Amino acid sequence: MGWVITVDKTERVKRAIAKKMRFTTSVVLCSIGCYLCLPLTIAFFPQAVHISIYHHFHLGWILSFAQFAITWGVCSFYLYKGKRFDDEIEHEFDGEHTL
């Protein structure tokens, strides 16, 4: 009993996993960059967060609300793409196991 995997299938799975790792790395780096945007702006350009956009609505508020939107967007995108990668890897194993 066990998995019967050909060398060709193993290489394709390795490529699919490497593709998923590249995607995950880029999403994490983008998320960290977006997350650090507000604190770094406050630290290095404190006068910039006080720029009034609309009456008493300042740039700092826009950056803080944007963090929520970016977080939800990145999480949704990651779940969608991650599911596609997992389905691709699962497809590689279809019919290749014995019980």
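Residues numbered from 1 in each chain as written. Predicted model: local features only at pLDDT ≥ 70, side-chain atom pairs only at ≥ 80, totals over all residues. Heavy atoms only, no water.

## A word on the overall build of the protein chain
Let me state the cut-off plainly: In this text, helices come from DSSP runs of H or I with a minimum length of four residues, and strands from runs of E with a minimum of two, each type numbered from the N-terminal end. For every residue, the accessible area obtained with a 1.4 Å probe (protein chains only) is divided by the maximum for its type, and the residue is called buried under 20%, exposed over 50%, and partly exposed between those limits. Residue contacts are counted whenever heavy atoms from the two residues lie within 4.5 Å of one another.
Secondary structure assignment for the protein chain yields two helices and four strands. A total of 99 residues make up the protein chain; the buried ones form 19% of that total. Counted over contacts in the protein chain with a minimum sequence separation of 6, partners at least 24 positions apart contribute 71%.

## Topic: the packing of aromatic side chains
The description of two aromatic rings rests on the distance between their centres and on the angle between their planes. Counted only if it meets this: Aromatic contacts are taken between Phe, Tyr and Trp rings whose centres are within 6.5 Å, Trp giving its six-membered ring; a plane angle under 30 degrees counts as stacked, one over 60 as edge-to-face, and the others as tilted. Each ring is checked for a lysine NZ or an arginine CZ that lies within 6 Å of its centre and within 35 degrees of its normal; such an atom marks a charge sitting over the ring.
If you walk through the whole model with that rule in mind, you get five aromatic pairs. For the ring pair Phe57 and Phe65, a centre distance of 6.3 Å and an interplane angle of 10° mean the geometry is stacked. Residue Phe57 is classed as partly exposed on the basis of its relative accessible area, which comes to 33%. Residue Phe65 is classed as partly exposed on the basis of its relative accessible area, which comes to 45%. Three or more aromatic residues joined by ring pairs make a cluster, and in this case those are Phe23, Phe77, Tyr78 and Phe85. Above the plane of the ring of Phe23 lies Lys81, whose end atom (NZ or CZ) is 6.0 Å from the centre.

## Concerning the confidence of the model for the protein chain
What counts here: Known as pLDDT, the predictor's confidence for each residue is given on a scale from 0 to 100.
On average, residues of the protein chain carry a pLDDT of 80, and 85% of them reach 70 or more. Per-element averaging of pLDDT across the protein chain places strand E4 (residues 97–98) at the bottom with 50 and strand E3 (residues 57–58) at the top with 86.

## Focus on the pattern of salt bridges
The cut-off we apply is this: Note on definitions: salt bridges are taken to be side-chain nitrogens of Lys or Arg within 4 Å of carboxyl oxygens of Asp or Glu.
For the structure on display, the rule yields two salt bridges. Measuring nitrogen to oxygen at the nearest pair gives 2.6 Å for the salt bridge that ties Asp86 to Lys20. Taken together, the positions of Asp86 in helix H2 (residues 59–93) and Lys20 in helix H1 (residues 7–44) put the pair 66 residues apart, joining distant regions of the chain. Among the salt bridges present, the one from Asp87 reaches Lys83, with a minimum N-O distance of 3.2 Å. Within this pair, Asp87 and its partner Lys83 are both found in helix H2, separated by four residues, close to a single helical turn.

## Some remarks on the environment of Val49
With respect to the element layout, Val49 can be found in the loop between H1 and strand E2 (52–54). Separated by 14 residues in sequence, Val49 and Leu63 place their C-alpha atoms 8.4 Å apart. Residues contacting Val49, with those up to four places away along its chain left out, are Thr41, Ile42, His58, Leu59 and Gly60.

## Overview of a nonpolar patch on the surface
Note the cut-off: Only residues above 30% relative accessible area that lack a salt bridge enter a patch, with like-charged residues linked at up to 9 Å and the nonpolar side chains Val, Leu, Ile, Met, Phe, Trp and Tyr linked at up to 5 Å. Computed with a 1.4 Å probe, the accessible areas rest on the Shrake-Rupley method; for each residue, only the protein chains presented here act as cover.
Taken together, Ile51, Ile53, Tyr54, Phe57, Trp61, Ile62, Phe65, Phe68 and Trp72 make up a surface patch of nonpolar side chains, about 1000 Å² in accessible area. Sorting the residues of the nonpolar patch by element identifies E2 and H2 as the ones contributing at least two each. Looking at which element gives the most residues to the nonpolar patch, the answer is H2, with five residues. Within the secondary structure layout, Trp61 lies in helix H2. Assessed through its relative accessible area of 47%, Trp61 is described here as partly exposed.

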